[in-house]
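Next come the chains, spelled out residue by residue.
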Amino acid sequence: MNSKKARAIFTNDGECDDMNSFVHLLLYANDIDIEGLVASSSIFHYAGDPEQGIEPKRWADPKWMLEDIDAYERVYPNLVAHDADYPTPEYLRSVTCVGNVRAIGDMSEDTEGSELIRRAIFADDERPLWLLAGGGTNTIGRALKRIELDHKGTDRWEEVYRTVCEKAIIFMIITQDDTYRDYISQAWPDLRMLHCTSIRGIAFMYDETVIPRRDLGMFEGSWVKPNLLDKGALLERYHTWGDGHVYPGEEDRSQFGSNLALMDGSWWGKQPRNRYDMISEGDSPSFLHLIDKGLRTLEDPSFGGWGGRFRRNADNEFNRDADYWECAVDEPAGPTTGEALQLTRWIGDWMNDFASRATWCVTPDEKSVNHAPEVSVEEGVDVVAAPGQEVTLHAVATDPDGDEVRVTWTRYADADTYAGEVALDASRSRDGATVHLTVPDDARAGDTIHLIVRASDEPSRTPYMVNYRRVIITVGA
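Treat the numbers as computed from the prediction; the structure is a model and nothing was measured. Once a new chain begins, its residue numbering starts again from 1 and follows that chain's sequence as written. Residue-level local features of this predicted model are given only where pLDDT is at least 70; pairs of side-chain atoms are given and counted only at 80 or more, and the full residue set underlies all totals for whole chains, interfaces and linings. No hydrogens and no water enter the side-chain calculation; it runs on all heavy atoms of the structure.

**Student:** Residue-level account of the environment of Lys-57, with values.
**Tutor:** A helix here means a DSSP run of H or I that spans at least four residues, while a strand means a run of E at least two residues long, and both kinds are numbered starting from the N terminus. Residue position: Lys-57 is located in the loop between strand E2 (32-39) and helix H2 (63-82). Taking the C-alpha atoms as reference points, Lys-57 and Asp-177, 120 residues apart in sequence, are found 14 Å from one another. Here Ile-43 takes part through its backbone oxygen, which lies 3.3 Å from a polar atom of the side chain of Lys-57. Nitrogen and oxygen atoms within 3.5 Å of one another constitute a polar contact, given that in protein one can donate a hydrogen and the other can accept it, and given that sequence-neighbouring residues count only through two side-chain atoms.

Here you go:
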């Protein structure tokens, strides 16, 4: 356990994009405390229940998760050479299990998955527990239902309710069953929900309206195959267009790997694809939100980062009293919409970081591959300044591999609360970059200005790696 890492349980319904997100997650298992890997169901995928006359729908036996961990075991000696925090395959197997999978929204009984979640909520750990819903929220819902059944009506209920709502946070990818609407938001309204309502750009359909033009090439097979698929046993299980993979239980119209007739656009998305093009990682924002790259995403969902940016919305479809957050909308950039850009503005950086880690899988020599540069701000990341005051910030960067590091300063205006323009005067130095600005005279006390310093070794490395620091200037009186 590392007290600085986020705790997380990843639930999924076994769609091909869940499988891709699962592979991606394993490469970040050193940066997140993974406390559970749980198969659940959704409106799209469920195992069925013969006794109830429910036929399975597009269901893949959850053993695929254990097969992925078997592949992880084959590359684990190389991964752990780069970071001793990678968990052992044995540990990952010990927290992999099946939750509520019989039908859409199945909460009928306690399962191994729901009990794992329930125990984790009450574990002796002060950190929040992130419950990541790549499918429906029904297994999470069953865990909460068991807690309610055990404690509601007792003298401890108010304490238990408060503990659960303070400890657990749900990150839900779109809406894949009705258990949040019908149960969780009603019985547990103070339990925070981050609802990733916009995954366009990383889920099946993409073009320059959802991904910045500069980054679209990384979704093409000419980039994906050499940078991901050719990187050993684990990445061989990553699903791409026309790669020959067959998805057990999946219908023919969604067999993107093996049904080559779909590649001319004869599928539900109607976009033509080439061999090894990216299919989808629609569930990845959930764990990308948790990775500490210096963007401070866990402090406030409105800050924004690799998992997107969120705004609290009382006027939601579930419960006006719920602690409910949905994807925010950034200003558009060229043809890329603001609805997509709140997530995809970072996509070039996290895809390059992903590819760099993929190389770790096949390279035992820790010194011969890339690692992320470090960056710090001499003045700290929280600054108070009055209207009209000049502010100077010095960023210093180092690279563990001795690579050249490019350091840039930008303002993330969508994330801050000052509505006007702020002029930045940035200059590079030998080991970093300096930025000067003057807090506008019309800024009010309490306004914030968010500055992002980005350190990348891309002048020297392809693929590259990055780190950031977010400096928040708060306007004082």
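**Student:** How would you summarise the sheet that holds strand E3 (residues 96-98) if you had to cite specific residues and measurements?
**Tutor:** Overall, mixed pairing links the eight strands, which are arranged E3-E2-E1-E4-E5-E6-E8-E7 in an open sheet. Two strands in the sheet have a free side with no partner beyond their single neighbour: E3 and strand E7 (310-312). For this sheet, the mean inter-axis angle between neighbouring strands, taken without regard to orientation, is 25°. DSSP bridges decide pairing: two strands pair if at least two such bridges lie between them. The sheet contact formed by E2 and E3 spans three bridges and is parallel. What sits directly across from Val-38, in E3, is Cys-97. Those strands touched by helix H1 (residues 16-26) are strand E1 (6-12) and E2, and its axis lies near 155° from that of E1. A fitted line through C-alpha atoms serves as each axis, taken over the contacting stretch for helices, and the angle formed by two N-to-C directions is quoted from 0 to 180°. The contact criterion used is simple: two residues touch if any of their non-hydrogen atoms lie within 4.5 Å.

**Student:** Before we move on, can you summarise the side chain of Asp-106 with the specific residues and values?
**Tutor:** Mapped onto the secondary structure, Asp-106 falls in the loop between E3 and helix H4 (112-121). Burial classes: relative accessible area under 20% of the type maximum marks a residue as buried, over 50% as exposed, and values in between as partly exposed (1.4 Å probe, protein chains only). When charges are counted, Lys and Arg are positive and Asp and Glu negative, with His and the chain ends excluded. We define a salt bridge as a side-chain nitrogen of Lys or Arg found within 4 Å of a carboxyl oxygen belonging to Asp or Glu. One buried charged residue, Asp-106, forms no salt bridge at all, with the nearest opposite charge on Arg-102 at 5.0 Å. Side-chain polar atoms of Asp-106 contact the side chain of Ser-108, separated by 2.8 Å. With residues near it in sequence (within four places) discarded, Asp-106 still touches Ser-41, Asn-100, Val-101 and Asn-138.

**Student:** Pulling in residues and values, what's your account of the pairing of strand E16 (residues 466-475)?
**Tutor:** Counting buried residues along E16, eight of its 10 residues qualify, which places the element largely inside the surrounding structure. Note: strand E15 (residues 448-456) against E16, nine bridges, orientation antiparallel. Residue pairing across strands places Ile-452 opposite Arg-470, the latter belonging to E16.

**Student:** Lay out the pairing of strand E6 (residues 193-196) with the relevant residues and their values.
**Tutor:** Residues Met-193 and His-195 of E6 are buried on one face, and the alternating residues Leu-194 and Cys-196, pointing to the opposite face, are buried as well. By the bridge criterion, four bridges tie strand E5 (residues 168-173) to E6 in an arrangement that is parallel. For Ile-170, the partnering residue across the bridge sits in E6 and is Met-193. Considered for its hand, the β-α-β crossover made up of E5, helix H7 (residues 179-187) and E6 is right-handed. Of the pairings in the sheet, the one linking E6 to strand E8 (residues 324-327) comprises three bridges and is parallel in character. Counted as the bridge partner of His-195 is Glu-326 from E8. Looking down the strands as they point away from you, a crossover is right-handed if its path from the first strand over the helix to the second goes clockwise.

**Student:** For unusual backbone geometry, give the residues involved together with the corresponding values.
**Tutor:** With an omega of -5°, the peptide bond running from Thr-462 to Pro-463 counts as cis. Mapped onto the fold, Pro-463 is located in the loop between E15 and E16. A positive phi angle, near 45°, is found at Ile-174, a position not held by glycine. Looking at where Ile-174 falls in the secondary structure, it is placed in the loop between E5 and H7.

**Student:** How would you summarise the pattern of salt bridges if you had to cite specific residues and measurements?
**Tutor:** When charged atoms on two side chains of opposite charge get close, those side chains can pair. The final tally for this structure, using the stated rule, is 43 salt bridges. The residue Asp-33 makes a salt bridge to Arg-127 at a minimum N-O spacing of 2.8 Å. Residue Asp-33 is found in strand E2, and its partner Arg-127 is found in the loop between H4 and strand E4 (129-133); the two are separated by 94 residues along the sequence. A relative accessible area of 14% means that Asp-33 is categorised as buried. Note that Arg-411 and Asp-416 form a salt bridge whose closest N and O atoms lie 2.9 Å from each other. Several salt bridges converge on common partners, so that one network encompasses Arg-7, Asp-33, Glu-35, Asp-125 and Arg-127.

**Student:** Requested: an account of the nonpolar core, with residues and values cited.
**Tutor:** Residues Leu-27, Trp-130, Leu-228, Leu-234, Leu-235, Phe-256 and Trp-306 are the most contacted members of the largest nonpolar core, which totals 89 residues. If you look at the next biggest cluster of nonpolar residues, it comprises 32 residues, including Ile-9, Cys-97, Tyr-161 and Val-164. The definition of a nonpolar core used throughout is a set of buried Ala, Val, Leu, Ile, Met, Phe, Trp, Tyr and Cys residues joined through side-chain atoms within 4.5 Å.

**Student:** Mind laying out the state of the cysteines, listing which residues take part and the relevant values?
**Tutor:** Note on terminology: disulfide denotes any pair of cysteine sulfur atoms within 2.5 Å. Applying the stated criterion across every chain, the model contains zero disulfides. There is no disulfide at Cys-327, and the cysteine sulfur nearest it, in Cys-196, is 4.1 Å away. For Cys-327, a relative accessible area of 8% puts it in the buried group.

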